[in-house]
Amino acid sequence: MRQAHIDRVGKKKCSAKLTAMYNGILHDIDRMGNSCVNLVDMAITGHLGSEIYIGAISVGGTIFNMIYWIFNFLRFGTGALTSQAYGRRSLEDCSLTLIRSLLICSLISLILISLQSVIKNLAFGIIDPSPQVAEWAAVYFDICIYGSLGFLGQFAFTGWYVGMQNTKIPLAISISQNIINIVASLIMVYALDMGVRGVALGTLIAQLSGFAIAAVLCMRCYRKVFRYLDIRKILNTLELIKF
């Protein structure tokens, strides 16, 4: 009995270490992706010739960071539920977890887009930027808000991939998204002379492209997993609230 108790304690410690490592991996991947996107936007904006543009991108980026931080639970919740299903060798639950997470992401994105004016005015009231900065920050916000589905969707995919014991794909997606952001923003700003709008469009294109890459890789690498998907079980309320 004593040996069995020792084994149980050992398993709990091992599980705690794995959970901590898993959370650390998710955090590092997310931090790298977000930081690089913000740095690229700021670096390109810094060459537009006015500190107003830099302030506008800073304000807009701060608003989105606050919004998306609130929905961080999508990434960790998806990852935790997926890893549990993967540990049980339940491919059906693995596929259902991703679909449910993406549905929640879609719903949240629609709400954010519908309430964009309210969110923007509330955020400006808290941050209190100057009128010139607020004008261009609004331009940046009004364009980038349409990338919310892509951004939140990547929360779901990142958590799911890590839960499926695959950290290479999220890393590849993060790198690809940043490369797309750099190229698209440079073209929009310098080739098409679109200024802050170009920076925002470059970010929007990168976010939607990252989401598309994640979806394509999912269907390419995990097609067999979704053979076990039972569509009738997707809208299970008890399972949805676990997120």
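Analysis parameters
Residues numbered from 1 in each chain as written. Predicted model: local features only at pLDDT ≥ 70, side-chain atom pairs only at ≥ 80, totals over all residues. Heavy atoms only, no water. Salt bridge = Lys/Arg side-chain N within 4 Å of Asp/Glu carboxyl O. Buried < 20%, exposed > 50% of the residue type's maximum accessible area, 1.4 Å probe, protein only. Helix = DSSP H or I, 4+ residues; strand = E, 2+ residues; numbered from the N terminus. Patch = residues over 30% accessible without salt bridge, like charges linked within 9 Å, V, L, I, M, F, W, Y side chains within 5 Å. Areas by Shrake-Rupley, 256 points an atom, 1.4 Å probe, with all protein chains shown as cover. Lys, Arg positive; Asp, Glu negative; His and termini not counted. Charge placed at Lys NZ, Arg CZ, Asp CG, Glu CD. Expected span 1.5 Å × (residues − 1).

K.L.:
Is there a simple way to think about the pattern of salt bridges in this case?
P.N.:
Note on pairing: side chains with opposite charge can pair once their charged atoms come close. Across all of its chains, the model carries two salt bridges by this definition. The salt bridge partner of Asp-93 is Arg-88, with a shortest N-O separation of 2.7 Å. Residue Asp-93 is classed as partly exposed on the basis of its relative accessible area of 25%. Asp-142 is the salt-bridge partner of Lys-120, the closest N and O atoms lying 3.0 Å from each other. Of the two residues, Lys-120 sits in helix α5 (residues 116–127) while Asp-142 sits in helix α6 (residues 131–144), which places them 22 residues apart along the sequence. Lys-120 gets classed as buried once you look at its relative accessible area, which sits at 13%. Residue Asp-142 is classed as partly exposed on the basis of its relative accessible area, which comes to 28%.

K.L.:
When you look at a positive patch on the surface in this model, what are you seeing that I'm missing?
P.N.:
A cluster of basic side chains, namely Arg-220, Arg-223, Lys-224 and Arg-227, defines a positive patch on the protein surface. Structurally, Arg-220 is set in helix α9 (residues 195–221).

K.L.:
Can you walk me through unusual backbone geometry in this structure?
P.N.:
It is generally the case that most residues other than glycine have a negative phi and that most peptide bonds are trans. The phi torsion at Arg-89 lies on the positive side, around 60°, for a residue other than glycine. Relative to the assigned elements, Arg-89 resides in the loop between α3 (73–87) and α4 (91–114). Of note in this structure, Asp-128 is not a glycine but carries a positive phi near 55°. The class of Asp-128 is exposed, set by a relative accessible area of 61%.

K.L.:
What's the story with α3 in this structure? I'm lost.
P.N.:
The terminal C-alpha atoms of α3 lie 21 Å apart, and with 15 residues this matches the ideal 21 Å at 1.5 Å per residue to within 8%. Every buried residue of α3 is accounted for by Leu-74, Arg-75, Gly-77, Thr-78, Gly-79, Leu-81, Thr-82 and Ala-85.

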